[in-house]
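Residue-level structure breakdown
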Amino acid sequence: MPSEELFYLPITELAKRIESKQVSPVDLTQLYLKRSEKYGPRLNAYARLTPEIALAQAQTAEKEIRRGHYRGPLHGIPYAAKDLLAVKGVPTTWGAQPYANQIFDYDATVIEHLNRAGAVLIGKASMIELAGGMNYRFASASLQGAAKNPWDTSCWTCGSSSGSGAIVAAGLAAFAIGTETWGSIICPSAFCGVSGLRPTYGRVSRYGAMALAPSMDKIGPMARSAEDCARIFAVLAGHDPKDHGTLLVDKAAFTYSPSMELKTRSLTVGWLTNAWKTMDPSVAKIADATEKTLRKTFPSAHRVALPQGPWDDVGNVTMGIEGAASFRSLIQTGQVSELTDPLSQINGYVNEQLSGADYLQAQRIREILQKKMADLFDSFDVLATVSQPLPATPLDFNLETGLSFPDPLAPSAICVASPLSRSRAATPKSICR
């Protein structure tokens, strides 16, 4: 029997063992499948496993590697994809009852990229219905039920990429793909203690992914480390003619090498002082220790304030109107009543009352906020802060009333559409998307 350690090895280590033939992709896939069959249902982590696809891809990877055709660090590595990414012939439910039997006859571009890299699709990760596109009050707003946190199963994993967070934290797959419109990569990564990367808007194609708010939606990896995320991102990133929202080739692609070190100059780091008005005492203690460590590593680091602005309002109006348009048919046919969460059942009708004038005004303000954030990044390479101001919340927590504090971070990131954006952070509110 393999030791528990195997399931928590980073991709970098698994890749070395696979390339050197110490670990078989088929054996590794079978081990992850067995573990996922055992623990996945306990955590409500998967929408479904895909053992036939996984074993076929693992067998192909093993044959190629034996013949000396090694495709790179994801070759033979099992992963899970959030259940809003189309996989040909496999139900893609969007976490919602009205789409429980939905099947596409093509793969999302992200899935195509991972196929070419030789990665092994082990299953579709559970998610909040419609990625929270109608808002929601409770963690149970999912076709699969509330995703349980592996560290404490009485707590939630957070955000619409809730299953992806549970899968990575529990060692059910080497990595998972999440999506984020407003916090749903970084929030579950924070609650589950894993690494998450929300890429700059337009770096990763969204073709074949459910659209929530097209001017805000992003796809990114969740894994064991920042380096793992970088390796996955190198596979995912790139221009796609099927997604006109992707950046041009020279700005979309990303190349990673372990030898990539900033040798010519040191990073300019800013510690955000106004990310959260209040923090849970346990989080505040960790934040204080982190800031001290950061200053030791980067002596030039200093405190900086996030520009003031109506971040929440702009983000809410933009997502509300775009989300109502994305799910117009669901709302107008009344099928929205089939959703699980009581807020999800009514909020689409509320969002339809927002006007075109509201949207245009929000976009004007968004441009101002974009400029403020771009100016901030002219002075800093990295902005650091606490991803969430509190620990993982209980499964029965009312997110609408319990997490009603202002959140400047997630909208500040979505308001930066520049290809130079490097902002990281997210929201844990009821509209974690």
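Here the structure is a predicted model, which means the values were calculated and not measured.

Turning next to the overall build of the chain. When helices and strands are tallied, the chain shows 15 helices and 11 strands. For 433 residues, the compact-globule estimate of 2.2 N^0.38 gives 22 Å, and the chain sits close to it at 21 Å. Overall, the chain is about 60 × 60 × 45 Å in size when its C-alpha atoms are taken along their principal axes. Roughly 17800 Å² of accessible area belongs to the chain as shown, and the carbon and sulfur atoms make up 54% of that amount.

Glancing now at the side chain of Lys124. Along the chain, Lys124 turns up in strand S3 (residues 120-125). Judged by relative accessible area, which is 0%, Lys124 ranks as buried. At 3.1 Å, the side chain of Lys124 and the backbone oxygen of Leu85 are in polar contact. A distance of 3.1 Å separates the side chain of Lys124 from the side chain of Thr92, its partner in a polar contact. Ignoring sequence-local partners within four residues, the contact set of Lys124 consists of Tyr46, Ala47, Arg48, Ala81, Lys82, Asp83, Leu85, Val87, Val90, Pro91 and Thr92.

Another point: the packing of aromatic side chains. Tallying each qualifying case throughout the model produces eight aromatic pairs. Taking the centre distance of 5.5 Å and the plane angle of 70° together, the rings of Phe7 and Tyr32 count as edge-to-face. Of this pair, Phe7 sits in the segment before helix H1 (11-19) while Tyr32 sits in helix H2 (residues 25-43), and the two are 25 residues apart along the sequence. Classification of Phe7 as buried rests on a relative accessible area of 7%. Where Tyr79 meets Phe175, the ring centres are 5.1 Å apart and the plane angle is 10°; that geometry is what we call stacked. With a gap of 96 residues between them, Tyr79 in strand S2 (residues 78-82) and Phe175 in strand S6 (residues 175-180) connect regions that are remote in the sequence. Each of the two residues, Tyr79 as well as Phe175, counts as buried.

Our focus in this paragraph is the environment of Tyr70. Structurally, Tyr70 is set in the loop between helix H3 (51-66) and S2. Placed 47 residues apart in sequence, Tyr70 and Ala117 show a C-alpha to C-alpha distance of 9.4 Å. Residues in contact with Tyr70, not counting those within four places in the same chain, are Ala15, Glu19, Ile65 and His75. A distance of 2.9 Å separates the side chain of Tyr70 from the backbone oxygen of Gly72, its partner in a polar contact.

On to unusual backbone geometry, then. For Asn44, which is not glycine, the phi dihedral falls at a positive 55°. Looking at the secondary structure, you find Asn44 in the loop between H2 and strand S1 (46-49). A positive phi angle, near 55°, is found at Leu130, a position not held by glycine. Structurally, Leu130 is set in the loop between S3 and strand S4 (148-149).

Turning our attention to empty space enclosed by the protein. Considering all chains together, one arrives at three cavities of 30 Å³ or more under this definition. Here the second largest cavity defines a volume of roughly 50 Å³. Lining the second largest cavity are Pro199, Thr200, Tyr201, Gly202, Arg203, Val204, Arg206, Asp217, Lys218 and Ile219. Of the residues that constitute the lining of the second largest cavity, the class distribution is four nonpolar, two polar and four charged.

Before going further, it helps to spend a moment on the nonpolar core. Counting 83 residues, the largest nonpolar core has Tyr79, Leu85, Leu114, Leu130, Phe175 and Ile177 as its most contacted members. For this core, the element with the most residues is H2, which contributes five residues. With sequence-adjacent residues up to four places away left out, Tyr79 is seen in contact with Ile111, Leu114, Ala119, Val120, Leu121, Ile122, Gly123, Ala173, Phe175 and Ile177. Core analysis: the next-biggest nonpolar cluster, separate from the first, contains 21 residues, Val269, Trp276, Leu369 and Ala384 among them.

Now for the side chain of Ser205. Take Ser205: it is sitting in the loop between strand S7 (195-196) and strand S8 (218-223). A relative accessible area of 1% means that Ser205 is categorised as buried. Of note is the side chain of Ser205, whose polar atom sits 3.2 Å from the backbone nitrogen of Tyr207. Separated by 2.5 Å, the side chains of Ser205 and Asp240 make a polar contact. Each residue touching Ser205, except ones within four places of it in the same chain, is listed here: Thr109, Val110, Ile219, Gly238, Asp240, Asp243 and Thr246.

Spatial ordering of the open sheet is given by S1-S3-S2-S6-S8-S7, a layout of six strands whose pairing is mixed. Edge positions in the sheet fall to S1 and S7, since each has one partner strand and no second. For S1 and S3, the ladder comprises three bridges, and the chain directions are antiparallel. Across the sheet, residue Arg48 finds its bridge partner in S3, namely Lys124.

Conventions used here
Residue positions within a chain follow its written sequence, with the count starting from 1. Totals for whole chains, interfaces and linings use every residue, but because this is a predicted model, local features are given only for residues with pLDDT of at least 70 and side-chain atom pairs only at 80 or more, for both listing and counting. As a rule here, side-chain values come from all non-hydrogen atoms in the structure, and water together with hydrogens is ignored. Per the convention used, a helix needs a DSSP run of H or I reaching at least four residues, while a strand needs a run of E reaching at least two, with both numbered from the N terminus. Note on method: radius of gyration uses C-alpha positions; expected globular size equals 2.2 Å times residues raised to 0.38. Per-residue and other accessible areas were derived by the Shrake-Rupley procedure at a 1.4 Å probe size, with only the shown protein chains allowed to occlude residues. When a residue's accessible area, from a 1.4 Å probe over protein chains only, is under 20% of the maximum for its type it is buried; when over 50% it is exposed; and in between it is partly exposed. For this analysis, a polar contact is any N or O atom pair within 3.5 Å, provided that within protein one partner can donate a hydrogen and the other can accept it, and provided that sequence-adjacent residues contribute only side-chain to side-chain pairs. Whether two residues touch is decided by their heavy atoms; if any such pair falls within 4.5 Å, the residues are in contact. Note on ring pairs: Phe, Tyr and Trp rings are taken, using the six-membered ring of Trp, and paired if centres are within 6.5 Å. Classes follow the plane angle, with under 30 degrees stacked, over 60 edge-to-face and the rest tilted. Each cavity reported here is a set of points on a 1 Å grid over the protein atoms alone in which a 1.4 Å probe fits but cannot get out, each pocket an open set with protein on both sides within 12 Å along at least five of seven lines, and each lining residue one with an atom within 4 Å of a point. Grid points are joined across faces, edges and corners, and a volume is the space filled by probe spheres set on the points. In this classification, Asp, Glu, Lys and Arg are treated as charged, Ala, Val, Leu, Ile, Met, Phe, Trp, Tyr, Cys and Pro as nonpolar, and every other residue, Gly included, as polar. Think of a nonpolar core as a cluster: buried Ala, Val, Leu, Ile, Met, Phe, Trp, Tyr and Cys residues, connected wherever their side-chain atoms sit within 4.5 Å. Note on pairing: DSSP must find at least two bridges between two strands before they are called paired.

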